[in-house]
There are 2 protein chains.
Amino acid sequence: MNSITVVKVGGAVVEDDAQLTDLLKDFSAIEGRKVLIHGGGRKATKLAEKLGIETNMVNGRRITGKDMLDVVTMVYGGLINKTVVARLQACGMNALGLTGADMGIIRSRKRPLKDGIDYGFVGDVENTDGKTLSMLVETGIIPVIAPLTHDGNGNILNTNADTIAAETAKALARHYDVTLIYCFEKKGVLYNPDDEDSVIPVITREDFHKFVEDGTVAGGMIPKIENALSAIDCGVKEVIITLAKAIDGKHGTVIR
Amino acid sequence: MNSITVVKVGGAVVEDDAQLTDLLKDFSAIEGRKVLIHGGGRKATKLAEKLGIETNMVNGRRITGKDMLDVVTMVYGGLINKTVVARLQACGMNALGLTGADMGIIRSRKRPLKDGIDYGFVGDVENTDGKTLSMLVETGIIPVIAPLTHDGNGNILNTNADTIAAETAKALARHYDVTLIYCFEKKGVLYNPDDEDSVIPVITREDFHKFVEDGTVAGGMIPKIENALSAIDCGVKEVIITLAKAIDGKHGTVIR
């Protein structure tokens, strides 16, 4: 099978011009087929604030009322997605900006009430069309995916970018050897959170259980690694958690 | 040659939920290959106002400073484009939202100073990739194009939607028999502006010169028809100017 690299970058990287320039350079250097998935939460929060729309986060997820849905559709699907696409085009990469609604590539279901919490227009991914994505990739296109999906009934839904990255990687695993790279503000998963250089080179499922038990892995890192392990279970070759500046596949923590 | 229909709708139609529903029904009913191009100026003006960004129009064109470019990128490329795409998908149409930057389909040049006026980040179309568009169309995709282009150097540029429609129609004319439909708030070009039903059924280039001379055609209608005639000169089969509610090709004024 041919190989493909799926890179997920957070909002902080694509929202800052200098960091975006670095990222594009590094992303250009990745050989072969590739897909970029981006966030954009900080810019959405800023725009919402300017418009007098309150931002409510529960368990790290944005409560998305109708006004907030408009904000994230504008920021993720418009401003950030198209800025990245135009910049990639200028680097000679044939980027195509997508949301899950475009060509119906990612369909989701509006999240039902959870523990009495109404997340609003938030979508849980149901189906990702790896066949259409691979068809695009085979014509030399680089899909750039915003964290928005659709429900098939005409509604856009706000969807976590890490999840979209994992689901895209899984869907592509039927067609390619997939490496999924999560960019992150640290060099990888650390043995010691106070020592930036104490990167754990490899984590298997057994290691993970051990690390959770002894407290080495905690907080937001737990769902991130669970996500990665579930991708591995679904055929993704490897998941790398690394710095945005180190997406060459040679740095960070490898989840196998 | 196979035929294709290129429909351009203004902002008023796609920004209003009831009008959008009507449009999607009528657009669904158009048989065969099709492309939709949309505006969105009113919503951009409203968002700019909320953000304290002043809207300046010169000769019907928006002066586009950096802040306004962000606004139109969000509104045209994000909110309106993705709303329309999700709604079309719900109608069973395989829509793909695009700006000129996506797959590099429309490249433009930042407009130089004109009569001392700096239009800012406004692009004049230089090249439209009809081959890539036809490749998409042949796989059953319905391109939905926002009035944004790119300069190939990483910049998004604000571009008139009528112009994008004309350039797209011309580029497709090398591959198809193209009908270009401009939706409009009147039933067509009128003999008498006070009589909504006095639609001129057909206008040729000779008619146009006569109508301009005797004052039947005046104001903003002149560049619209000039645009249409230039499309005809470049191989577009016919251009129809009609109501958004009458895009079946049987109503309005035909420019030949």
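Here is what the cut-offs are and how they apply
Residues numbered from 1 in each chain as written. Chains lettered and ligands numbered in written order. Predicted model: local features only at pLDDT ≥ 70, side-chain atom pairs only at ≥ 80, totals over all residues. Heavy atoms only, no water. UniProt positions renumbered as here; feature names shortened; annotations may be inferred. Helix = DSSP H or I, 4+ residues; strand = E, 2+ residues; numbered from the N terminus. Rg over C-alpha atoms; globule rule 2.2 N^0.38 Å. Buried < 20%, exposed > 50% of the residue type's maximum accessible area, 1.4 Å probe, protein only. Core = buried A, V, L, I, M, F, W, Y, C linked by side-chain atoms within 4.5 Å. Contact = heavy atoms within 4.5 Å. Phe/Tyr/Trp six-rings, centres within 6.5 Å; stacked < 30°, edge-to-face > 60°. Lys NZ or Arg CZ within 6 Å of the ring centre and 35° of its normal. Buried area = accessible area lost by both parts, 1.4 Å probe. Salt bridge = Lys/Arg side-chain N within 4 Å of Asp/Glu carboxyl O. Polar contact = N/O pair within 3.5 Å; in protein donor to acceptor, adjacent residues only side chain to side chain. Least-squares fit on C-alpha atoms with pLDDT ≥ 70 in both.

An unreviewed UniProt entry annotates chain A as Acetylglutamate kinase of Xylanibacter muris. What the UniProt record of chain A gives under Sequence similarities (unreviewed entry) is the line "Belongs to the acetylglutamate kinase family. ArgB subfamily." Per UniProt, chain A has the following entry under Subcellular location (unreviewed entry): "Cytoplasm".

1. Section: the overall build of chain A
Scanning chain A from N- to C-terminus turns up eight helices and 14 strands. Taking 18 Å as the expected radius of gyration for a compact globule of 256 residues, we find that chain A reaches 17 Å, a close match to that expectation. In terms of principal-axis extent, the alpha carbons of chain A reach across some 45 × 40 × 35 Å. Split into buried and exposed, the 256 residues of chain A put 55% on the buried side.

2. Observations regarding the nonpolar core
Judged by nonpolar contacts, the single largest core of 86 residues is most densely connected at I225 of chain A together with I225 of chain B. If we skip the residues at most four places from it in the chain, I225 of chain B touches V189, I203, F208, V217, I241 and I255 of chain B. By size, the runner-up hydrophobic cluster in this structure holds 83 residues, among which are V7 and I53 of chain A together with V72 and V254 of chain B.

3. Some points on the packing of aromatic side chains
Tallying each qualifying case throughout the model produces two aromatic pairs over all chains. Between Y191 of chain A and F211 of chain A, the aromatic rings sit 6.1 Å apart at their centres with planes inclined by 80 degrees, giving edge-to-face as the arrangement. Taken together, the residues span a long stretch of sequence, with Y191 of chain A in the loop between β11 (177–184) and β12 (202–203) and F211 of chain A in helix α7 (residues 205–213) at a distance of 20 residues. For Y191 of chain A, a relative accessible area of 48% translates into the label partly exposed. The side chain of K224 of chain A reaches across the aromatic face of Y182 of chain A, ending 5.9 Å from its centre. Above the ring of Y119 of chain B, the side-chain terminus of R111 of chain B is found at 4.7 Å from the ring centroid.

4. Some remarks on the interface of chain B and chain A
When the parts of a complex come together, some accessible area is lost, and that lost area is often used as the size of the interface. Taken together, the contacts link 33 residues of chain B with 33 residues of chain A. Where chain B abuts chain A, roughly 2,600 Å² becomes buried across the two surfaces, and 73% of that area is made up of carbon and sulfur atoms. Looking only at chain B, the three residues that lose the most surface to chain A are M74, K82 and M103 of chain B, adding up to 22% of its buried area. One can count two salt bridges joining chain B with chain A. Notably, a salt bridge pairs K82 of chain B with D102 of chain A, separated by 2.9 Å at the nearest N-O pair. Scanning the region where chain B abuts chain A turns up eight residue pairs in polar contact (both at pLDDT 80 or more). Looking at the side of chain B that touches chain A, the elements that each hand over two or more residues are α3 (41–50), α4 (66–90) and β5 (95–98) of chain B.

5. Focus on the relation of the copies chain B and chain A
It takes a turn of 180 degrees to lay chain B on chain A, together with a shift of 0.0 Å along the axis; the resulting RMSD is 0.0 Å. In short, the pair behaves as if placed about a two-fold rotation axis. Within chain B, the C-alpha atom positioned nearest to the axis of rotation is that of G78 of chain B, 1.8 Å from it.

6. Observations concerning the environment of T159 of chain A
Residue and element names in this part refer to chain A. With respect to the helices and strands, T159 occurs in the loop between β10 (156–158) and α6 (161–172). Accessibility expressed as a relative area gives 3% for T159, which makes it buried. Considered as a pair, T159 and R111 are 48 residues apart in the sequence and their alpha carbons are 9.9 Å apart. In this view, T159 contacts S108, G123, V125, P147, T149 and I164; residues no more than four positions away in its chain are not counted.

7. Observations regarding the UniProt feature "binding site: substrate" (unreviewed entry) in chain A
Residue and element names in this part refer to chain A. Mapped onto this structure's residue numbering, the UniProt feature "binding site: substrate" (unreviewed entry) falls at G40, G41, R62 and N158. Across 119 residues, the annotated set stays spatially compact, with a maximum C-alpha separation of 11.9 Å. Take G40: it is sitting in the loop between β2 (33–38) and α3 (41–50). Beyond its immediate stretch of four places on either side in the chain, G40 contacts G11, E15, V75, Y76 and I80. Within the element layout of this structure, N158 appears in strand β10. Overall, the relative accessible area of 8% leaves N158 in the buried class. Contacts of N158, omitting those with residues within four sequence positions, involve R62, T64, L69, V72, Y76, F121, V122, G123, P147 and L148.

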